[in-house]
Amino acid sequence: MTKRIIGLTGGIACGKTTVTNYLASTYNLPILDADIYAREAVSLGSPILGAIAQRYGEQILLPDGSLNRQKLSEVIFNHQDERNWIDNLIHPDVRDRFLKAIAQSSSQILVLVVPLLFEAKMTDLVTEIWVVRCYQEQQLQRLIQRNHLNTQQARARINSQLSIEEKVAQANVILNNSSTIEVLLKQIDVALATTSSD
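Now for a description of the structure that goes with this document. Remember, predicted model here, so these are calculated numbers, not experimental data.

This part takes up the overall build of the protein chain. Helix and strand counts for the protein chain stand at nine helices and five strands. For the protein chain, the N- to C-terminal ordering of α and β elements is β-α-β-α-α-α-α-β-β-α-α-α-β-α. Burial analysis of the protein chain (198 residues in total) assigns 45% to the buried set. In the form shown here, the protein chain has an accessible surface area of approximately 10,700 Å², with 51% of it arising from carbon and sulfur atoms. Computed over 19 positive and 20 negative side-chain charges, the inter-centroid distance for the protein chain is 2 Å.

Moving on, we get to the sheet that holds strand S1 (residues 4-10). Pairing is parallel in the open sheet, where five strands are placed in the order S2-S3-S1-S4-S5. The outermost strands of the open sheet, each flanked by one partner alone, are strand S2 (31-33) and strand S5 (173-176). Each strand of the sheet is rotated relative to its neighbour by a mean of 25°, with strand direction disregarded. As defined by bridge partners, S2 adjoins strand S3 (residues 109-113) across three bridges and the pair is classed as parallel. Each bridged residue has a counterpart across the sheet, and for Ile31 the counterpart in S3 is Val111.

Right, let's talk about the packing of helix H2 (residues 34-41) against helix H5 (residues 80-104) for a bit. Between H2 and H5, whose axes approach to 9 Å, the crossing angle comes to 120°. Taken together, H2 and H5 sit at an angle that is classed as oblique. The way H2 lies across H5 gives a crossing that is right-handed. Where H2 approaches H5, its residues Ala34, Tyr37, Ala38, Glu40 and Ala41 are matched on the opposing element by Ile90, Asp93, Val94, Arg97, Phe98 and Ala101.

This paragraph deals with the side chain of Gln161. Tracing the backbone through its elements, the reader meets Gln161 in the loop between helix H7 (151-159) and helix H8 (164-169). Among the polar contacts listed, one links the side chain of Gln161 to the backbone nitrogen of Ile12, at a separation of 3.2 Å. Contact partners of Gln161, with chain neighbours within four places excluded, come to Gly10, Gly11, Ile12, Pro115, Leu116, Glu119 and Lys167.

A separate point is the packing of helix H6 (residues 136-147) against H7. Look at H6 against H7: their axes get within 9 Å of each other, and the N-to-C directions meet at 115°. The crossing of H6 and H7 is right-handed. Residue-level inspection shows Gln139, Leu140, Leu143 and Ile144 of H6 in contact with H7, the latter providing Thr151, Ala154, Arg155, Arg157 and Ile158. Tallied by class, residues from the contact of H6 with H7 come to five nonpolar, two polar and two charged.

Time to look at the pattern of salt bridges. The tally for this structure, following the rule as stated, stands at seven salt bridges. Arg83 is paired through a salt bridge with Asp87; the nearest N and O atoms lie 3.9 Å apart. Highlighted residues: Arg83 and Asp87, both in helix H5, separated by four residues, approximately one helical turn. The exposure classification of Arg83 matches that of Asp87, with both residues buried. In this structure, Glu165 engages Arg133 in a salt bridge whose closest nitrogen and oxygen atoms are separated by 3.4 Å. Of this pair, Glu165 sits in helix H8 while Arg133 is found in strand S4 (residues 128-133), placing the two residues 32 residues apart along the sequence. Connected through salt bridges with shared partners, the residues Glu40, Asp93 and Arg97 form a single ionic network.

Right, let's get into H5. Between its first and last C-alpha, H5 extends 35 Å over 25 residues, near the 36 Å set by a 1.5 Å rise per residue. Taken as a whole, H5 carries its principal kink of about 25° at Ile90; the proline Pro92 stands between one and four residues after it. Looking at H5, one finds that the buried residues are Glu82, Arg83, Ile86, Asp87, Ile90, His91, Val94, Phe98, Ala101 and Ile102. Those residues of H5 that are buried are in contact with S1, S2, H2, helix H3 (47-56), helix H4 (69-76) and S3.

Conventions and cut-offs
Residues numbered from 1 in each chain as written. Predicted model: local features only at pLDDT ≥ 70, side-chain atom pairs only at ≥ 80, totals over all residues. Heavy atoms only, no water. Helix = DSSP H or I, 4+ residues; strand = E, 2+ residues; numbered from the N terminus. Buried < 20%, exposed > 50% of the residue type's maximum accessible area, 1.4 Å probe, protein only. Areas by Shrake-Rupley, 256 points an atom, 1.4 Å probe, with all protein chains shown as cover. Lys, Arg positive; Asp, Glu negative; His and termini not counted. Charge placed at Lys NZ, Arg CZ, Asp CG, Glu CD. Pairing = 2+ DSSP bridges. Axes fitted to C-alpha atoms, helices over the stretch in contact; angles between N-to-C directions. Parallel < 35°, antiparallel > 145°, perpendicular 65-115°, else oblique. Left-handed = near helix turned anticlockwise from the far one by under 90°. Contact = heavy atoms within 4.5 Å. Polar contact = N/O pair within 3.5 Å; in protein donor to acceptor, adjacent residues only side chain to side chain. Nonpolar A, V, L, I, M, F, W, Y, C, P; charged D, E, K, R; others polar. Salt bridge = Lys/Arg side-chain N within 4 Å of Asp/Glu carboxyl O. Expected span 1.5 Å × (residues − 1). Bend = angle between axes of the 7 residues up to and from the residue.

As structure tokens, then:
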């Protein structure tokens, strides 16, 4: 039996974490997270961190030599070319980590959480695509609150991703997180009970 590999994506601050926490706690599904792999890719002493420091200088690092994420965010959310350079550096490493984890897992259902599933061209790793969405104004307010950003910073982060409409157009499952948590969880139950071949 081939593995069922769910690619979970959606807009920033639309509720991906809520979905993954539920899938992990209620269904005991293994969660493979692109953000964790990306952090590991730039860990202290890694070749990728070395390349980033070489390009941007020592000011991109914290006193202990690890990556200054806030400084890097300022670079990538304000300069598309630099964002592309960083993505091209990190995405192949993240893909390799996914492939290794998929191969090593004995679970029949896996969840890959990939905020940039389409942008990083990783749709070939999954058997179905779930997109979490909510109203744009909700997304903006949630992001401002969660990340302590001003409106301009929050909009820059939202605009750096593919539009939610483009993601929804390519989804097998659309999870609408504009209402209550209970409504969202019910949608997850239904989606999980429906196999990708149905």
